[in-house]
Amino acid sequence: MRKWAVIYSSVTGNTKMVAEAIADAADSADIFPVQEAPQDLSEYDIVAIGYWLRLGQPDPMTLKYLAQVENARVVFFQTHGAEVNSEHAITSFARAGYHLGKDCEILGTFGCQGKINPAMLEKRKNAPADDPHGGAAAIERWKKAASHPDAEDLAAAARLVGNMEHKLAMRERYLAKKQK
Ligand SMILES: Cc1cc2nc3c(=O)[nH]c(=O)nc-3n(C[C@H](O)[C@H](O)[C@H](O)COP(=O)(O)O)c2cc1C
């Protein structure tokens, strides 16, 4: 059994929903909003850190926290308006990794869309078409994001737990074999 810390930052609740799905799926998990997350993570086998995207990277509170995380095995989860697997979303994982403190290992990642704050949509609705937030494609993306995280996203987030534990077990087995 692996002990998980699930740490999340969430303003409108999307990332929190994913965090809860992950924590519920683990046999042993402590869940913390990032404001209350511990600095000493040494008791955890896996530290899942979840954030929402702002300016194509983790939100500011998470960025600050990531720099303090050291010597941990990390799983990132993120929610965003962008399409899953878009260049924007993938680059955000890289940016999250770049901000981690020393001696961390990234075990895996999970991302899904999350509905966008209506106040933000109102502000962006007249953005020019050459702006990343303007034009028909952006409106289409926001419409799609509006139903997420959905039941499928949350089921996939829950499966992440088993997948990561399996991956870790396989790595440990491989490394033990190599040492013999
Ligand atoms: C100020 C602001 C900036 C955002 N910037 C991005 C962004 O750069 N890329 C993106 O894909 N989504 C962006 N979004 C959408 C949020 O990341 C998305 O709605 C997320 O699911 C919100 O998570 P939460 O409900 O946990 O707060 C932005 C939303 C806000 C309010």
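Refer to the preceding data block for the structure.
Figured I'd write up the structure that's included with this text. This one's a predicted model, so the numbers in the text were calculated from it and none came from an experiment.

Following the sequence through the fold, Ala67 ends up in the loop between helix 2 (60-66) and strand 5 (73-80). Among the residues examined, Ala67 registers 12 C-beta atoms within 10 Å and is labelled exposed. Spatially, the C-alpha atoms of Ala67 and Asp131 are 31 Å apart, while their sequence positions differ by 64 residues. Setting aside residues no more than four positions away along its own chain, Ala67 makes contact with His99 and Gly101.

Turning next to unusual backbone geometry. A cis amide bond, omega -5°, links His148 with the succeeding residue Pro149. Looking at the secondary structure, you find Pro149 in the loop between helix 5 (135-145) and helix 6 (151-179). At Asn71, a position not held by glycine, the phi torsion is positive, near 55°. Mapped onto the fold, Asn71 is located in the loop between helix 2 and strand 5. The phi dihedral of Asn85 falls on the positive side, at around 70°, and the residue is not glycine. In this structure, Asn85 sits in the loop between strand 5 and helix 3 (87-99).

Most of strand 5 is tucked away, with seven of its eight residues classed as buried. Here six bridges tie strand 3 (residues 46-54) to strand 5, and the two strands are oriented parallel to one another. Paired with Ile49 across the two strands is Phe76, which belongs to strand 5. Sheet topology places strand 5 next to strand 6 (residues 105-113); eight bridges connect them, and they run parallel. By the bridge assignment, Val74 is partnered in strand 6 with Ile106.

What counts, and at which threshold
- Residues numbered from 1 in each chain as written.
- Predicted model: local features only at pLDDT ≥ 70, side-chain atom pairs only at ≥ 80, totals over all residues.
- Helix = DSSP H or I, 4+ residues; strand = E, 2+ residues; numbered from the N terminus.
- Buried ≥ 20, exposed ≤ 12 C-beta atoms within 10 Å, placed from the backbone.
- Contact = placed C-beta atoms within 7 Å.
- Pairing = 2+ DSSP bridges.

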